[in-house]
Structure formats: structure tokens, C-alpha cells
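As a plain string of letters, each chain reads:
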Amino acid sequence: MRRELGSLTKQWGGGGPGAPPIAVGEAVDGVSAQSLKTKYGSPLYVVSEATLRKNLRGFLSAFRSRYPETVLAYSYKTNYVSGICATLHQEGAWAEVVSGFELERARALGMPGSQIVYNGPYKPFDHLLEAARLGVRINVDNLEELADLEEVSRQLKRPVKIGIRVNMRLNDPPWDKFGFNMESGQALEVCRRIHGSKLLRLAGLHLHAGTYLANVEIYKRAITGLLDLAMTVEAQRLGDIEYVDLGGGYASRNTILSQLLPGEMTAPSYAEYAEAISAPLKACVKRLPRRPLLILEPGRAIVDDAVTLLVSVVAVKKTPDGRTLVVVDGGVNLLPTAYYFRHDVVAGREVEGDSARVDIVGPLCMQIDVLRRDVSLPPVSRGSILLFRNAGAYTVSNSMQFIYPRPPVVVVSGRETHVLRRGERTEDLVRLDEMPAHLAPRSAASSRNGHKTARANGNGRGHS
Ligand SMILES: Cc1ncc(COP(=O)(O)O)c(C=O)c1O
């Protein structure tokens, strides 16, 4: 019998370039998969506090060593579990938010307005008013928002400092849904419009060109374009540019489905991104009246490899065409990124036996609930644990409350583990439901049990 897991781990072990290989059976930072499952159940999101901190420090120091006036505003939507955001804030990250809800979360986590960046194509008036009151950096997306901010200024009885979001033709298709276009002159026109308003002050330029951008040339062109605009704004005295914000999009080590090589080999390092951005920045900055703050808004590059999704096998079956399906207890409801990424997967403990090609599928009643196709796994059976790596970006925040309640999120902190979010229970799922009197089940007993209700109401259909 061959020992398969050694090679499996070598082939797919996570941890990023240069990281020590993950030992078989180790879920996160020396804590075993089995002990996590025994304590918290399965499925389970497991966060590595050490990786979060290491990533944030590494990203910031790569930029600050080249351009000291850099701040990192962590993109909340990428994963806004409070304990994750709090860890990153402890390391000095600001918050990048795109809704009133995220703004509230950042405030609740103690972030002052001056360390919050507010983006997004829809900012309701009340949220704009609150953000301006708090001194949040607001990057304007459209003319309607500009008009709203003028009204905000009237209500606050003071001018409001703003940034504008711009877009450029940087990739194909261009990311042109957001902000004002540069090439057409729209962006400069908006700068003039702001200058003409007594109520607003232009203080920043923002551009976010997409997500998982593994080509650093895009960032070179983006910063060069932003600085060109900044120089024009300064030369024409249309504003006083205090910051340039290059958004997020830095690739994680996850692997895109269509990609041949693993993401670990193709994702640029933090230093490569930093070099691509800081070289043009340092060259242009001499022509500006001040060194602008460089704001960066990474999400996936910070959080993706800091989270593992632990799932357990519930069944192994054969399809008529001979494929083996390994059914696990968490699917695209918990790992929606499996639609686009080939997540690394390792078995949760060492087993002997020949490995075989299998499809790993989730528990949802959907044919498309597939986590990995045609992947090599050692023998697994009911109860075996599988660990999906790079499960931190757009997973928890994009997870679906479809059919199954969502599982807990726990963090490994040194040798200890803590719950960051408890698992959902049935009462959480129905807490917001209301029952109009004419629909109320007839007996109190039946209202406590939906299954009985269906029968008590005589519809007799029930669910399979
Ligand atoms: C404005 C803005 N900033 C930052 C991010 C974070 O992107 P990523 O997770 O790819 O770094 C996004 C995500 O789409 C975004 O829209």
C-alpha cells in the first residue's frame, strides 16, 4: 500500500510561497482537523490569526519601505466577520466600506471616521450625511451623489471634502460601471464641476480596476493615470489632492479554474505590486505640491489564505459513467468561489491506499453544487475530513443561507481556538418572519412545528 497523503500535501498544501508545508492532518497552525471537528462540528470555517497578521504586515511593509505615506484600508466586503476586521485593525488597517451596514460595523469596531473610506455606486442620503459628519473619506461615484453631497454640505453648514472615483481602460472588458471615465474627459469635467461648487472640496482620486489582477502592469498604468489627473487638477487649481487611492484587486494564491499553473506560482508577491505602483508614484510625486497619501484597499490578498473550510464526507457514490462522487456537508453555499476557483483541497488525516480521481460535491439540491471536479483524493469514506484552502475571500460574506444554516467561524490564535461567529440555528433563520393572523397555524402546538403544521392544515403535501 502506498502512503498517498504525503504527495497530496506536497502537491496541494496551502500556506503560500515560502510557507512551510502543512503537515498531514493539520488544519491550521498546528491544530488538528479532527480536534476542530470534535470541538465545533462540521462544516466549519477556520481562521488563522497568525496568517492574517503576517499578511497585513507583509503587505504594508512592502509598500511603506518604498513609499512611507501608505495606508491600507481593508475591504470589509471581502470578509467582514468582526474578529477578522478587529485583528486587521489591531495591525493598523483602516476600513474600506461600501454600505451603511459596513460603515456601522467599522464604527462599532472603534474606527474613527478619518480612517474609513466609503466607496460604492449607491450611497443612500442618510449614510452620506452620517459619513460626512464623521469625516469619512467619501469617493463619489456619480453626479446624483454629487448633488446629494451638496445638500449634505448645506445641512452641515460647511464644505464637504470628497474624492472622486474614476475609471480607465485598463483591462478587457473595462471595469467601467463605477465612477467617471478618464479617457473621455468626464473625470476632469467632474473636477471642474466640484471646483465650481461652493459646497464641495476635491481632495482625492480613487480607482479600483477589478479583482484578482495578477498583471502588475495594470497597477502601473492605473497609478500613472491617476497621477496625470492629479497634476492636471493641481495645475488648473481645481482641487487640493491629499490622497490617491488605488483600490484593491491584488491576487491571492488561489487558482482560477481556467488557469494551468497553481495560483501560488502565478500570483505576484506583495513586493512586486509595491514596486509596480511606487516607482511611477515616486517619479511623479516631485511634480505635485505635496506627497499624497497612497491608500490601498486589498481584500482577497489579505484574507484568502487565512481561512480554511473544513467539511466532512457524508457519502461516496458512483455515477452511471463511472465517476466517483464524494458528497460533503458544505457546498457552494459556503464556498461560492468554487464556481471560479480551483481551491486546494487536502484530506484531514493520513490514510493508506491508492488515490483516485473524484468529483467533490456539496449537499445542496442543485446539480451545480460542485466544489472540485476530477481531483485526486486518497480513499475517503463517511466522516473523513477534507480541508479547502484559500477560503477567506468572498466566502463567508457571500455565503448563502440556502437549505442549511451557516456554520460557525472559529479562529486559531496560537495554541488556542475561539469562536468568532457561532453557527446559525433554525431560530436565526426564521427570526425575521412574521405570521399574518389569517395564515397562523390553528393550534399552538402546530405553530411550534412546521412539519406538523403542514399536516394539521390538511395539505398533506409536506416535503420529501
Ligand atoms: C472599491 C473596492 N475596493 C476594494 C475591493 C477589494 O478587492 P479585492 O478583494 O480583489 O482586493 C473591491 C472589491 O471588488 C472594491 O470594489
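Placed above this text is the structure.
Everything numeric here is computed off the predicted structure, so don't read it as measured data.

K.L.:
Go over helix 6 (residues 125–134), please, and point to the residues and values.
P.N.:
Restricting attention to buried positions, one finds in helix 6 the residues His127, Leu128, Ala131 and Ala132. What you see down the axis of helix 6 is that its buried residues fit within an arc of 130 degrees, all on one side. Those residues of helix 6 that are buried lie in contact with helix 5 (100–108), strand 6 (116–118), strand 7 (137–140), helix 7 (143–156) and strand 8 (160–167). Looking one or two places after helix 6, you find Gly135, whose phi comes out positive at around 75 degrees.

K.L.:
Please give an account of the site of the ligand that cites residues and values.
P.N.:
Of all residues adjacent to the ligand, which total 16 residues, the nearest are Ser75, Thr211, Gly248, Glu297 and Gly299. Here the residues of the shell around the ligand sort into four nonpolar, nine polar and three charged.

K.L.:
I'd love a proper account of helix 9 (residues 216–235), names of residues and values included.
P.N.:
An ideal rise of 1.5 Å per residue puts 28 Å on 20 residues; helix 9 measures up with 29 Å between its terminal C-alpha atoms. Taken residue by residue, helix 9 has Tyr219, Ala222, Ile223, Gly225, Leu226, Leu227, Leu229, Ala230 and Val233 as its buried positions. In this structure, the buried side of helix 9 is in contact with strand 8, helix 8 (186–196), strand 10 (200–206), strand 11 (243–245) and helix 11 (270–285). Residue Arg237 follows helix 9 closely and has a positive phi angle near 55 degrees.

K.L.:
Run through the environment of Leu170, naming residues and quoting values.
P.N.:
For Leu170, the location among the structural elements is in the loop between strand 8 and strand 9 (180–181). Along the chain, Leu170 and Ala209 lie 39 residues apart, while their C-alpha atoms are 7.1 Å from each other. Among residues more than four places away in sequence, those in contact with Leu170 are Ala209, Ile218, Arg221 and Ala222.

K.L.:
So what about the packing of helix 3 (residues 49–64) against helix 4 (residues 82–90)? Which residues, and what values?
P.N.:
Contact geometry for helix 3 and helix 4: axes closest at 9 Å, N-to-C directions at 40 degrees. With respect to helix 4, the element helix 3 is oriented oblique. Crossing hand, helix 3 versus helix 4: right-handed. Residue-level inspection shows Glu49, Leu52, Arg53 and Leu56 of helix 3 in contact with helix 4, the latter providing Ile84, Thr87 and Leu88. Of the residues that constitute the contact of helix 3 with helix 4, the class distribution is four nonpolar, one polar and two charged.

Thresholds, definitions, all that
Residues numbered from 1 in each chain as written. Predicted model: local features only at pLDDT ≥ 70, side-chain atom pairs only at ≥ 80, totals over all residues. Buried ≥ 20, exposed ≤ 12 C-beta atoms within 10 Å, placed from the backbone. Helix = DSSP H or I, 4+ residues; strand = E, 2+ residues; numbered from the N terminus. Arc of directions from axis to C-beta. Contact = placed C-beta atoms within 7 Å. Near = placed C-beta within 6 Å. Nonpolar A, V, L, I, M, F, W, Y, C, P; charged D, E, K, R; others polar. Expected span 1.5 Å × (residues − 1). Axes fitted to C-alpha atoms, helices over the stretch in contact; angles between N-to-C directions. Parallel < 35°, antiparallel > 145°, perpendicular 65-115°, else oblique. Left-handed = near helix turned anticlockwise from the far one by under 90°.

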